[in-house]
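Residue strings, one per chain:
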Amino acid sequence: MDVRAIRDMSDEQLLNEIEDLKQSLFNLRFQEAAGNLENQNVIRYTRRDIARLKTVIRERQLAAEAASKEKQNG
């Protein structure tokens, strides 16, 4: 998943995408346990995509907090 595309998403879209990827990760782990998963790297890529999405959400939270503090101080 491209970071630029992630940054263009709304907060609601980010949360929905995280939920979808978590469900996908669950299914991939189930396939791995059953021995049906052909490409083991898909799990790693999915986990990284979830981390990217969470990072963007956290960046937005920090930016909002900084703006709030700046507004209070000045």
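Everything numeric here is computed off the predicted structure, so don't read it as measured data.

Caption draft 1: Representation of the side chain of Thr 46 within the structure. Inspection of the secondary structure assignment puts Thr 46 in helix H3 (residues 41-73). With relative accessibility at 7%, the residue Thr 46 sits in the buried group. The contacts of Thr 46, once residues within four sequence positions are left out, are Leu 21, Leu 25 and Leu 28.

Caption draft 2: The arrangement of the nonpolar core in detail. Counting 13 residues, the largest nonpolar core has Ile 6, Leu 14, Ile 43 and Leu 53 as its most contacted members. Elements with a contribution of two residues or more to this core: helix H2 (11-34) and H3.

Caption draft 3: A look at the environment of Ile 6. Here Ile 6 lies in helix H1 (residues 3-8). In this structure the C-alpha to C-alpha distance between Ile 6 and Asp 49, which are 43 residues apart in sequence, comes to 9.5 Å.

Definitions and limits used
Residues numbered from 1 in each chain as written. Predicted model: local features only at pLDDT ≥ 70, side-chain atom pairs only at ≥ 80, totals over all residues. Heavy atoms only, no water. Helix = DSSP H or I, 4+ residues; strand = E, 2+ residues; numbered from the N terminus. Buried < 20%, exposed > 50% of the residue type's maximum accessible area, 1.4 Å probe, protein only. Contact = heavy atoms within 4.5 Å. Core = buried A, V, L, I, M, F, W, Y, C linked by side-chain atoms within 4.5 Å.

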